[in-house]
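Chain residues, written in single-letter form:
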Amino acid sequence: MDGRGITAATVNQPTHFMVDSRGQGEPSVIITAVNGDLVPVSISDRKNGIYRVEYTTKSLGDHKAVIKFHGQEIPNSPFNIKVYQVNQVKVRDMPVGMVGVSATFLVDASEAGSGNLEVSVNNGALPASAEALGGNRYAVSFTPLEAVSHRVELTFNGEPVPGSPFNIRVEKGARPAIDVSRVAVLGDAFGKVPVGKIVTFTVDPRDAGSADCAVIITSPAKQVVPCRVSKPSTGSKFYVEFMLTEVGEHTVVVRYGGQPVSGSPFICKAYDVQMVRVTDTAFATVGQQSSFLIDASNAGTGNLEIIISVAENMKIPNYVQNEGSARFRVSFKPVECRIHFISVKFNGIPVPGSPFRCDVVESSGILATGEGLRRNPVGKMAMFLIDPRGSSLHDIQVTCVAPSAQKVPLDISGTSKLKVEYMPGEVGVYKISILCAGRDVQGSPFLCQVYDSTRVKVSRIGPGTVGVPIRFQVDSSEAGEGSLSVDVSCKGRKVDPLVHQVGEGLYDVEFTPKESAPHVVEVSWNNELVRDSKSGKGRPYLYPGSICMGCCEGHAFTCDVADGSKCIATGLGLVKTPIHELASFEIDPRGSASAEVDVIITSPTGRLVECQVYRSKSKLYRAEYRPGEVGSHKIDVTYNDVSIPGSPFIAEVYDFNRIKVLTIEDGVIGQPLGFRVDASQAGYGVVEPEVQVRGHDVPFRKVNEGNNVFTVNFTPQEPSVHQVFIKFNGHPLKGSPFNVTVREFAITQQQTHIGLMHEPGHIVASGKGLKGGRVGDHAWFVAELHGAEGQLETFITAPNGSHIAAKQLRQRDGDYKIDWTPTMPGRYQIDVMQNSRATMGSPFFAEVYDPSRVIIEDVTRAVIGQESGFRVVYKDAGRADLLVSITSPTNRNVPFAIHEGTGYHYITYLPQEAGKHRIIVTYGGDDVPRSPLTVSVEEAQVGMVMPTGDGLYRGQVEEEAHFVVHGLKEQPTVRVDGPNSIAKVNMRQESDQTWKVFYTPIETGIFQIKIFGNGREITGSPYHPTVTDPRRVKVVGGWHSIMDANNRLYLRVGEEKRIPFDISEAGPGEIMADVEGPHGQVAVTVERQSDTRRRVCFTPPAEGPYEVSLFWNKVPLPKSPMEGYASLSSPARSPVAPPRGSATRHITEMTTTSNRHVVGSEMSSRQEGSSRYIETSSRHIEGGTAKVILRGHGLQEARTKQDAEFVIDGSQCTSGKPVATLQSTSKSGLVIPVETEQIDNNVYRCVYTANTPGTYLLNIMWGDRHVSGSPYKVNVTGSLCDPNKVTLTGEGLKGGVIGRELIAKIDTRRAGPGELTAHCMGPQKVAYCELFDHHDGTYTLNIKPQEAGKHMLHVKYDGEHVPNSPFSLRIAGAPDASKVKVYGPGIEDGVLALYQSRFICETRGAGAGQLTVRIRGPKGAFRVEMQRESQKDRTILCKYDPTEPGEYYVHVKWSGVDVPGSPFKVCIFDTQEELERYRRGGWVPSWGPGEPQYGGSFHSPVYRPAIPWGQEL
């Protein structure tokens, strides 16, 4: 997916996005508006599987885009499209500012749709704040510091709002200063306010100064409430009137002179007494507890006043029980048979229908008691007693009705008291009615909860792993009403479980084992161990996988616990193995409990490799597999479903049969021989060559050319058969050893140039001695006379101007061999003269290097996860190729970065393994001093000093950079050195052991930061940040040279635009460019012309406006973005002729006489690697002889958006220059420029970059003539990187809490090679991001937010957003237990018979967290329930059911921290008299004082708001 239209769109304006079908055909796209209407969509085929989807929407709001292929939605579908209209953003109340006084104006985007408002004052030089007023309305403020016009720019979703930029005039001393602290707001408008009535308040400026007063009132629905602000002609007070129509909290913002007054915003709590409902007030019985309900859930905030009276002056006590969500049950006990009146007022106003009439009737003194009236298990006889207390037994009637409405038979016996028994046969509520003389006795009808513990279902428990929570589920939905108790123990020691109620009768249970031993789990329902109702034999009901312990009488579960951290895996099958051969490794549990071992092996193409795991008698596990693909295989090993240490492992699979040995030829004594070993298709491994003659070793040199291709060189000293042995990972190659015949030294004309003819009398010099070599090594070349007469002279001049002796040896054929030995590194000049005249090609230049002068220094201490590095200085060593390799202890290649400096390279790497790392540095193929270097990487230690931050790695000139040092109580010593300066360092202590360090660099280059703490340099120091200066990136010729008269880029359709840049003063870095055309992104390339020059190139494909964005090290250039307009260009060039002939190497002789061509050719083929090597020989009428040689990969193939190179070697040509062009064979005939740079005498380096895959023709001319075989066919293939195949997963993408790290997993394995970057920005601060590379194509992203609010996470791969990027994250504030309020009768003392155990936990304002409630009291004396109305409700109703008197302790915690007042001590007594005596003091109950026993515990559900993180309810 590509294009802005998939994320945002503007009303009534066409927009689009692109869909890459990847060969799946045309997509199906359905876009739905917020009102459900379908938006018309137009889909057009852009070829190569690319489709353009265009649409125009006419409504605001979030739209949904569903994209399908063959009826199936693609990943991340449906997409959310934010539709907005910037023209609907209105700005009003623009003030005239005053120096030092906050200036405020209003921005109304309520009708503009979804979007982000951005404010900039004076180009960001002055800070501004935007206060949300609700309903997409904002109050924008800033404080001017000087009396000049201020420029305010407002953008909505990146587009300027109408009228922007605004100019605000700022005056100095024009008005007296305003002191808002003296302004008073008076009146009864704040607090509880009735709806539908006019409310007023007064704003009294007193002596605050003269200014305007503004009032904004916002309703709970985020709508602005109209209000009128008036001021009499006399007096200074302002009078505000308004009427509220909506129940709930309203915010009132009062500003005086544009500044908020003290206390603003104020809160108005609107209520509506008409919404209070009172029910069940009609009847009551004398001496019996009666109750009625009051529902004020829709009435708003207020106080209830309840009075129950019999006569005018006789009031009846009542008890109010809060049932949650502003619903209350009021209980009272009438004492006489008279009409009672119930008066209910809300905030002092009678509710509708008040006072209510309640008819009270007589009742008998009959008392019914017993568990059979309250709770009983199924199948067990229930019993209760009836005490008539003077009433006749004949007048008593008892009935019992089951939940199925069937009458239950009763067994009634007794003479003075009645004993009633019945057998409940089903789960549910049994209704027991006891009547005396036809009327219900006190408490009748009774409701008995009948339960069945055998219907409690327990899911599989374990097996588990030490330190990893074990979770299982308990389902009591069919067991009836009851309380759950779970006990866990190991070896007799108790393990605390956590029980979370997740639904009606559904519980999640969790415990964390700390020992590797069986854990016993006892599950009880209403204090009964769970039984199997089917068998009746006392065995628990088990889900598949659970185990019952016989030793616990069939009632306890057992869970096996293993310790995966003790396991180790060893064997060659974890490291490397040949293809198609059986590989194996072993897993040793090392004494841990038996558990399941699971091995998953994934091939490089994502296929699963079959693996067999066996367990031996020695309790070891053996895994065997047979790989079928070459490459890195990922091996995941889990023990008891937990990854063992080191997992996943990476095993390299190789195929030594794919290795090719090229060009092993016979040779002569004293002449170097070489051959190439191509292991590029064989997989990871080590090529081990060995050369022997007559049983002893011959010295050789192996050079890595890259991509696992090696060149092996040796110089034979004996005329005998030499044997070449080659092994790969210890396996001999097929055909090894190879025999090489070495004869005595002899040179013939045929051996020198096979198939070439030379003009008589011309000397030709050739040989490696003309190119250079190593200091002290013997060098030589050959001068072929070809019949030339006269004296041959050779002069060799060293870099310091001294002369080097050259020894000329006459050979048998008359030619000369010239020997010389370089003595110092540098460039040598070799003059070959005949009769005091330079021969063809003379002077020659040879580059000589000295690896012994290369210095490795500044090797930093290495710690896992911290950047380490070292410096390689080669300024005095001459020119040669510098190669570096870093190998971990497990023989894995460690990625590294090279930072170029003047005469040195600085190499940085990020180790991921502890142990010795081997670093090899070669120069010209030779080891340098100290190489190989061994660096010991240490584990990061707890409590060690740890610096973090971007300032350790990069910075900008004259801009403050910073980093943080953790773990030091004392102030650290920090020194920041630049190439030629010392940066000033400032420090600020952030916390007890955290210091923030600031520095401002004044020059570009690689800096050095040394950090000292506790008297020594800390681990990882010194650091080497790269400092750049984007302002010093200059256009060659000045910016005006690329602009037209309208100060825009001059562009023509179809004509390549080239912008050259001078980066010599910008510091280390690279230029990046983005070009946006009228139809989307335009392909752009950045060419490297030299070390200090870059060129940005792009071709406008269509007429219209363009925007060019330029960056240096991802920082925008000062002129960026630039605008341009492309007009129509001239017709495209016609295509070139098709290619003539084909050969990988041509040797052609061409004679030209007037207009007649006589061509004769002799051909042979040779291939060097995968590059084309072409030689052309031409004869001109002047009699000169010339030969052109072509070489390089770019002659045959290239990749899109990557530089392709080849070399034109015309060093043996007497005249002429090359010209090269590349042209597409498609209908467009697109011409790609080929840049030519002279690198030596008539030797040219050619570079081109193709942005579109396809077939091209490469035209190469020398001196206005095509070289032989031109034009050549070049195949351009697409890039291997596809950011759309990058996937992100993890809870961290949903948001989080300040202080807690967010974690996401990134998988790039299907996306190909590329660079992964992540950046997260909060409302004002950047969130620290860390990417951990697992070296298997997967990464772990850690995000550490520093503030609450909306964060935007940008994840890019190779510079392009991955799917759904940027991600929106909501960060909530940290849990604050001090904000939780607990109230209600359940935390107060009381009498058991009348005790109301309910209490409220109000968590509003406490942030995101979890509520835990635990009650301790007399054993078996209570159960706990918790509930709330909805997932968004921040008010939790808690209740417990005490059945015995005693001391109870109520522990309430928010995210593990006690709330204010917790634990609450509650004393429950048998009688009211005992309670009163206890309150008066001087009496201690028999059950106290002292610590009560644990009577049981209940852990509340984890409270996690279903709304986004941090949003208050």
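Residues numbered from 1 in each chain as written. Predicted model: local features only at pLDDT ≥ 70, side-chain atom pairs only at ≥ 80, totals over all residues. Heavy atoms only, no water.

Draft legend 1. Spatial organisation of the overall build of the protein chain. Each helix and strand in the protein chain was counted, giving two helices and 151 strands. Expressed as a percentage of its 1513 residues, the buried residues of the protein chain come to 44%. A separation threshold of at least 6 residues defines the contact pool for the protein chain, and within that pool the share at least 24 residues apart is 63%. (Helix = DSSP H or I, 4+ residues; strand = E, 2+ residues; numbered from the N terminus. Buried < 20%, exposed > 50% of the residue type's maximum accessible area, 1.4 Å probe, protein only. Contact = heavy atoms within 4.5 Å.)

Draft legend 2. View of the sheet that holds strand S66 (residues 611–615). The strand order across the open sheet built from four strands is S61-S63-S67-S66, with neighbouring strands paired in antiparallel fashion. The two strands at the open ends of the sheet, each matched to only one other strand, are strand S61 (568–570) and S66. Going from strand to strand, the sheet's axes swing by 20 degrees on average, the running direction of each strand aside. When S66 meets strand S67 (residues 621–625), the two strands line up antiparallel, connected through five bridges. Bridge pairing in S67 links Gln 612 to Glu 624. (Pairing = 2+ DSSP bridges. Axes fitted to C-alpha atoms, helices over the stretch in contact; angles between N-to-C directions.)

Draft legend 3. Looking closely at the side chain of Thr 10. Positionally, Thr 10 belongs in strand S1 (residues 8–10). Apart from residues lying up to four places away in sequence, Thr 10 is in contact with Thr 57, Tyr 84 and Glu 159.

Draft legend 4. Molecular detail of the pairing of strand S151 (residues 1464–1469). Of all six residues making up S151, five are buried, and the element is well covered by its neighbours. Relative to S151, strand S144 (residues 1390–1391) runs parallel, the two sharing two bridges. In the strand pairing of S151, Gly 1390 is matched with Ile 1468. Examined bridge by bridge, strand S149 (residues 1446–1454) and S151 share five bridges and lie antiparallel to one another. Note that in S151 the partner of Glu 1447 across the bridge is Cys 1467.

Draft legend 5. View of the packing of aromatic side chains. For the coordinates displayed, the defined rule picks out 23 aromatic pairs. Note on Tyr 621 and Tyr 639: the rings are 6.2 Å apart at their centroids and 75 degrees apart in plane angle, and the pair reads as edge-to-face. Of this pair, Tyr 621 sits in strand S67 while Tyr 639 sits in strand S68 (residues 631–639), and the two are 18 residues apart along the sequence. An identical accessibility class is assigned to Tyr 621 and Tyr 639; each is buried. Where Tyr 874 meets Tyr 923, the ring centres are 6.2 Å apart and the plane angle is 25 degrees; that geometry is what we call stacked. Note that Tyr 874 is positioned in the loop between strand S93 (868–873) and strand S94 (882–887) and Tyr 923 in strand S97 (residues 915–923), a separation of 49 residues in sequence. Take Tyr 874: its relative accessible area is 19%, and that puts it in the buried class. Chaining the aromatic ring pairs together yields one cluster made of Phe 190, Phe 201, Phe 242 and Phe 266. Positioned above the aromatic ring of Phe 845, the side-chain terminus of Arg 827 is 4.4 Å from the ring centre. Here the guanidinium or amino end of Arg 1416 rests over the ring plane of Tyr 1449, the centre of that ring lying 5.6 Å away. (Phe/Tyr/Trp six-rings, centres within 6.5 Å; stacked < 30°, edge-to-face > 60°. Lys NZ or Arg CZ within 6 Å of the ring centre and 35° of its normal.)

Draft legend 6. Representation of unusual backbone geometry. Note that the residue after Ser 354, namely Pro 355, is joined by a cis bond; omega there is 0 degrees. Along the chain, Pro 355 turns up in the loop between strand S38 (349–350) and strand S39 (356–361). Going from Ser 647 to Pro 648, the amide bond is cis rather than trans, its omega being 5 degrees. When you line up the elements, Pro 648 lands in the loop between strand S69 (642–643) and strand S70 (649–654). Positioned with a positive phi, Asn 122 is a non-glycine residue whose angle comes to about 55 degrees. Counting through the fold element by element, Asn 122 comes out in the loop between strand S13 (117–121) and strand S14 (128–134). Phi is positive for Ala 405, which is not a glycine, with a value near 75 degrees. With respect to the helices, strands and loops of the structure, Ala 405 is situated in the loop between strand S43 (396–401) and strand S44 (411–413). Since its relative accessible area comes to 59%, Ala 405 is described here as exposed.

Draft legend 7. How the structure looks around a negative patch on the surface. Together, Asp 1074, Glu 1076, Glu 1107 and Glu 1123 make up a region of like negative charge exposed at the surface. For Glu 1107, a relative accessible area of 36% translates into the label partly exposed. (Patch = residues over 30% accessible without salt bridge, like charges linked within 9 Å, V, L, I, M, F, W, Y side chains within 5 Å. Areas by Shrake-Rupley, 256 points an atom, 1.4 Å probe, with all protein chains shown as cover. Salt bridge = Lys/Arg side-chain N within 4 Å of Asp/Glu carboxyl O. Lys, Arg positive; Asp, Glu negative; His and termini not counted. Charge placed at Lys NZ, Arg CZ, Asp CG, Glu CD.)

Draft legend 8. Up close: the side chain of Asp 452. Assignment of secondary structure puts Asp 452 in the loop between strand S48 (446–451) and strand S49 (457–458). On the basis of relative accessible area, Asp 452 is assigned to the buried category, the value being 12%. Side chain to side chain, Asp 452 and Thr 454 meet in a polar contact 2.5 Å long. (Polar contact = N/O pair within 3.5 Å; in protein donor to acceptor, adjacent residues only side chain to side chain.)

Draft legend 9. Representation of the pairing of strand S74 (residues 687–693). The element S74 is largely enclosed, with a buried count of five among its seven residues. Note: S74 against strand S78 (residues 721–728), seven bridges, orientation antiparallel. Its bridge partner being in S78, Glu 688 is matched across the sheet by Lys 727. Hairpin connection from S74 to strand S75 (residues 696–697): two residues lie between these consecutive antiparallel strands, with Arg 694 at a positive phi of about 55 degrees.

Draft legend 10. How the structure looks around the pattern of salt bridges. Counting across every chain of the model gives 43 salt bridges. Across the pair Lys 1465 and Glu 1447 runs a salt bridge, and its minimum N-O distance is 3.2 Å. Of this pair, Lys 1465 sits in strand S151 while Glu 1447 sits in strand S149, and the two are 18 residues apart along the sequence. Judged by relative accessible area, which is 7%, Glu 1447 ranks as buried.

Draft legend 11. Focus on the environment of Ser 236. Within the secondary structure, Ser 236 sits in the loop between strand S25 (227–230) and strand S26 (238–243). Taking relative accessible area as the criterion, Ser 236 reaches 35% and is therefore assigned partly exposed. For the pair Ser 236 and Asp 204, spaced 32 residues apart in sequence, the C-alpha to C-alpha distance is 7.0 Å.

Draft legend 12. The sheet that holds strand S116 (residues 1084–1090), seen in detail. Ordered by their spatial adjacency, four strands build an open sheet running S111-S113-S117-S116, and the pairing between neighbours is antiparallel. Both edges of this open sheet fall to strand S111 (1034–1035) and S116, since each of them pairs with a single strand only. Bridge count between S111 and strand S113 (residues 1057–1062): two bridges; the pairing is antiparallel. When the bridges of S113 are listed, Val 1035 appears paired with Phe 1061.

Draft legend 13. Region of the structure containing the environment of Trp 995. With respect to the helices and strands, Trp 995 occurs in strand S106 (residues 994–999). Relative accessible area serves as the criterion here: at 7%, Trp 995 is assigned to the buried category. The spatial distance from the C-alpha of Trp 995 to the C-alpha of Leu 968 is 7.8 Å, given a sequence separation of 27 residues. If we skip the residues at most four places from it in the chain, Trp 995 touches Phe 963, Val 964, Val 965, Leu 968, Lys 969, Glu 970, Gln 971, Pro 972, Arg 988, Gln 989 and Glu 990. A polar side-chain atom of Trp 995 sits 2.9 Å from the main-chain carbonyl oxygen of Leu 968. A distance of 3.5 Å separates a polar atom in the side chain of Trp 995 from the backbone oxygen of Glu 970.

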